[in-house]
Amino acid sequence: MIAARFGTFGGPDVLRVEDVPAPRAPTGDEILVEVAASSVNGTDLGLRRGDLKVATWGRLPFTPGFDLAGTVLGCGPAVTAFVPGEQVMALLDHGGGGQAQQVLVRQGRAAVVPTRCTSQEAAALPLAGLTALQALYGRARLGTRPAGARVLVIGATGGIGSFGVQLAAIAGAHVTAVGSAPKLHAMTGLGAHATLDRRSDDLFTGGERWDVVLDAHGATTARHAGRLLRPGGVLVTSRPISRDAIVSRVLPALAGPGRRFTSVMTSARSADLARLARLVDEERLRVLLDSTFPLGEVAAAHRRAEGSSTGKVVVRIRPASA
């Protein structure tokens, strides 16, 4: 089979499409998936640049791609949730491998593709959608807050942010989206009630405070939380932060009394994936696709994702007509 790989760190041009061995037969609770599409995430870009060298230690050449959609080719003997021929989407573990023609996935990381999705749209859903869902409904407990809670989404025009805007609106929140001015019109179509230009609007001087802040860029700190949050508010960042003991003692003190600063560690829970799929099928959640590229143009896909994309960039592994 063929797969996208990089053997050295650097810009998009280090990516190559190469012949590689096909996966072994599935065992245990594994499913073997013929990949139709896989999206490009910030993690892919960081790994390729060498920002996270420890994650690829001993794994070069490395095949990027952490979420995918495709067809089940085979099932291990312990698989109970899927059968060959089913269309699935999945979030892979830290080993990546989604930008290849076939991949092994444990069944607990997968869910059936929404009926209203193309394979490209479904491939863009797992990592960004799960991150937004688990940040807002898990870490921030948005579902338990009163209707009309005020939510700020920083980085709203990216993958995580665009799902965050919609999921917050679904919860009945008043949503303010922060992003680049030319892209913000798309956010009102996703349910944002207000928008702020990240270049010209100062979040800290307008006097506005929010109950929940989702920082999809991961640029804010605990001290920012104290200046953005109402009492009882929480700021959730996509950037990994300190261990539990530090998070529970030091960061709340920095954020201020009655305020929390925390991060989301995305979990590949099939129940959460299925929840996102239901929202798509109910036409309450949609995937904001920026562009798609064939596997042979994976370097161009990375360049687009690092540039001025709005929403998700997807790599097609199977031809679009397949």
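Residues numbered from 1 in each chain as written. Predicted model: local features only at pLDDT ≥ 70, side-chain atom pairs only at ≥ 80, totals over all residues. Heavy atoms only, no water.

**With respect to the pattern of salt bridges**
Next, step 1: All chains considered together, the criterion is met by 14 salt bridges.
Next, step 2: Glutamate 34 is the salt-bridge partner of arginine 318, the closest N and O atoms lying 3.5 Å from each other. Here arginine 318 is found in the segment after β15 (312-316), whereas its partner glutamate 34 is found in strand β3 (residues 30-40), with 284 residues between them in sequence.
Next, step 3: A salt bridge links glutamate 208 to arginine 150, with the shortest nitrogen-to-oxygen separation between them at 3.2 Å. Here glutamate 208 is found in the loop between β10 (194-197) and β11 (210-215), whereas its partner arginine 150 is found in strand β8 (residues 150-154), with 58 residues between them in sequence. (Salt bridge = Lys/Arg side-chain N within 4 Å of Asp/Glu carboxyl O. Helix = DSSP H or I, 4+ residues; strand = E, 2+ residues; numbered from the N terminus.)

**Concerning the packing of helix α1 (residues 42-49) against helix α9 (residues 298-306)**
Next, step 1: At a minimum axis separation of 10 Å, α1 and α9 run at an interaxial angle of 110°. Here α1 lies roughly perpendicular to α9, going by the angle between them. When the axes of α1 and α9 are compared, the crossing they make is left-handed. Residues Asp44, Leu45, Arg48 and Arg49 of α1 form the contact with α9, whose participating residues are His302, Ala305 and Glu306.
Next, step 2: Split by residue class, the contact of α1 with α9 holds two nonpolar, one polar and four charged. (Axes fitted to C-alpha atoms, helices over the stretch in contact; angles between N-to-C directions. Parallel < 35°, antiparallel > 145°, perpendicular 65-115°, else oblique. Left-handed = near helix turned anticlockwise from the far one by under 90°. Contact = heavy atoms within 4.5 Å. Nonpolar A, V, L, I, M, F, W, Y, C, P; charged D, E, K, R; others polar.)

**Focus: unusual backbone geometry**
Next, step 1: Cis geometry marks the peptide bond from leucine 60 to proline 61; its omega dihedral reads -5°.
Next, step 2: Of note, proline 61 is situated in the loop between α1 and β4 (67-75).
Next, step 3: The backbone phi angle of arginine 141 is positive, close to 50°, even though this residue is not glycine.
Next, step 4: We note that glutamate 283 has phi near 60°; this positive angle belongs to a residue other than glycine.
Next, step 5: On the secondary structure map, glutamate 283 appears in the loop between α8 (270-281) and β14 (289-294).

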